[in-house]
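Structural characterization, general
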Amino acid sequence: MLRGHLGESFSIARRLAGLLTVPGLLPAAGPVGMRSRPLMTLALRLMGNLVTEADRDVVARVWRTAGRLSSRFDARPPFPASDLR
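A few points on the structure. Remember, it's a predicted structure, so these values are computed and weren't measured experimentally.

**Some thoughts on the overall build of the protein chain**
- For the protein chain, the helix and strand inventory stands at four helices and zero strands.
- Traced from its N-terminal end to its C-terminal end, the protein chain shows the element sequence α-α-α-α.
- Split into buried and exposed, the 85 residues of the protein chain put 21% on the buried side.
- Only carbon and sulfur atoms are counted for the fraction: they give 68% of the accessible area of the protein chain, which is about 6500 Å².

Here's what the structure looks like:
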């Protein structure tokens, strides 16, 4: 059930989290992003898992498409059985 509802979102979020570990990216982009209301609204929506299947805006379509693509190339299972015990 978790994989069906959250697997694609988890896959793309894991990839985006990996970007935050790129040296120099967060110090360069962080201050700009923190001052941007649209970027913070977007981050809140994505990180809060507030994109639903009913949403038809550009952000929702891009997020779902990116999740599907990411899941196809992600060899790691989003929720290993050992984590669900």
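**Side note on the nonpolar core**
- Core analysis: the largest hydrophobic core is formed by five residues, namely I12, L46, V51, A60 and W63.
- Here V51 is in contact with R45, L46, A60, W63 and R64, once residues within four sequence places are set aside.

**Some remarks on the pattern of salt bridges**
- Across all of its chains, the model carries two salt bridges by this definition.
- For R45, the salt bridge goes to D57, with nearest N and O atoms at 2.7 Å. With a gap of twelve residues between them, R45 in helix 3 (residues 37-47) and D57 in the loop between helix 3 and helix 4 (58-73) connect regions that are remote in the sequence.
- D57 sits in the partly exposed class, given a relative accessible area of 31%.
- What emerges from the salt-bridge pattern is a single network uniting R45, D55 and D57.

Reading the values: rules and limits
- Residues numbered from 1 in each chain as written.
- Predicted model: local features only at pLDDT ≥ 70, side-chain atom pairs only at ≥ 80, totals over all residues.
- Heavy atoms only, no water.
- Helix = DSSP H or I, 4+ residues; strand = E, 2+ residues; numbered from the N terminus.
- Buried < 20%, exposed > 50% of the residue type's maximum accessible area, 1.4 Å probe, protein only.
- Areas by Shrake-Rupley, 256 points an atom, 1.4 Å probe, with all protein chains shown as cover.
- Core = buried A, V, L, I, M, F, W, Y, C linked by side-chain atoms within 4.5 Å.
- Contact = heavy atoms within 4.5 Å.
- Salt bridge = Lys/Arg side-chain N within 4 Å of Asp/Glu carboxyl O.

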